[in-house]
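Close look at the chain arrangement
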Amino acid sequence: MARPKKFKEDVKMYNIALPVDTFKKLSEISLHETKNSLIHISIADLIRSSIDIYIECYEEEHNE
């Protein structure tokens, strides 16, 4: 089965190394969120949304 298209804009690939404990926690959150959603929530989805929130907070703090 092909992966669903999740991006509506151009993307840039980036590899990341995470501590095993962090990965396990993200995996648990991903499973929990997927069970409570109508769509699959991957670890990558969690990381991307966290980065978006970080950028938004950073911009608000530095553009005052």
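Residues numbered from 1 in each chain as written. Predicted model: local features only at pLDDT ≥ 70, side-chain atom pairs only at ≥ 80, totals over all residues. Heavy atoms only, no water.

**Comments concerning the pattern of salt bridges**
- Summed over the entire model, instances satisfying the criterion amount to 1 salt bridge.
- Where Asp 45 meets Arg 48, a salt bridge forms, and the shortest distance between an N and an O atom there is 2.5 Å. Of this pair, Asp 45 and Arg 48 are both found in helix 2 (residues 43-62), 3 residues apart, which corresponds to roughly one turn of the helix. (Salt bridge = Lys/Arg side-chain N within 4 Å of Asp/Glu carboxyl O. Helix = DSSP H or I, 4+ residues; strand = E, 2+ residues; numbered from the N terminus.)

**Examining the environment of Asn 63**
- Its location among the elements puts Asn 63 in the segment after helix 2.
- The exposure class assigned to Asn 63 is exposed, which follows from its relative accessible area of 60%.
- Note: C-alpha distance between Asn 63 and His 32 (31 residues apart in sequence) is 35 Å. (Buried < 20%, exposed > 50% of the residue type's maximum accessible area, 1.4 Å probe, protein only.)

**Quick word on helix 2**
- Taking 1.5 Å as the rise per residue, helix 2 with 20 residues should run 28 Å; its terminal C-alpha atoms sit 29 Å apart, in good agreement.
- Where helix 2 is concerned, the buried positions are Ile 43, Asp 45 and Leu 46. Down the axis of helix 2, the smallest arc covering the buried residues is 160°, so these residues share one side.
- Buried-residue contacts for helix 2 involve helix 1 (20-35). (Expected span 1.5 Å × (residues − 1). Arc of directions from axis to C-beta. Contact = heavy atoms within 4.5 Å.)

**Quick word on the packing of aromatic side chains**
- Considering all chains together, one arrives at 1 aromatic pair under this definition.
- Relative to Tyr 58, the ring of Tyr 54 has its centre 6.3 Å away and its plane inclined at 25°; by these criteria the two rings are stacked. Of this pair, Tyr 54 and Tyr 58 both sit in helix 2, 4 residues apart, roughly one helical turn.
- In this structure Tyr 58 comes out as partly exposed when scored by relative accessible area, which is 43%. (Phe/Tyr/Trp six-rings, centres within 6.5 Å; stacked < 30°, edge-to-face > 60°.)

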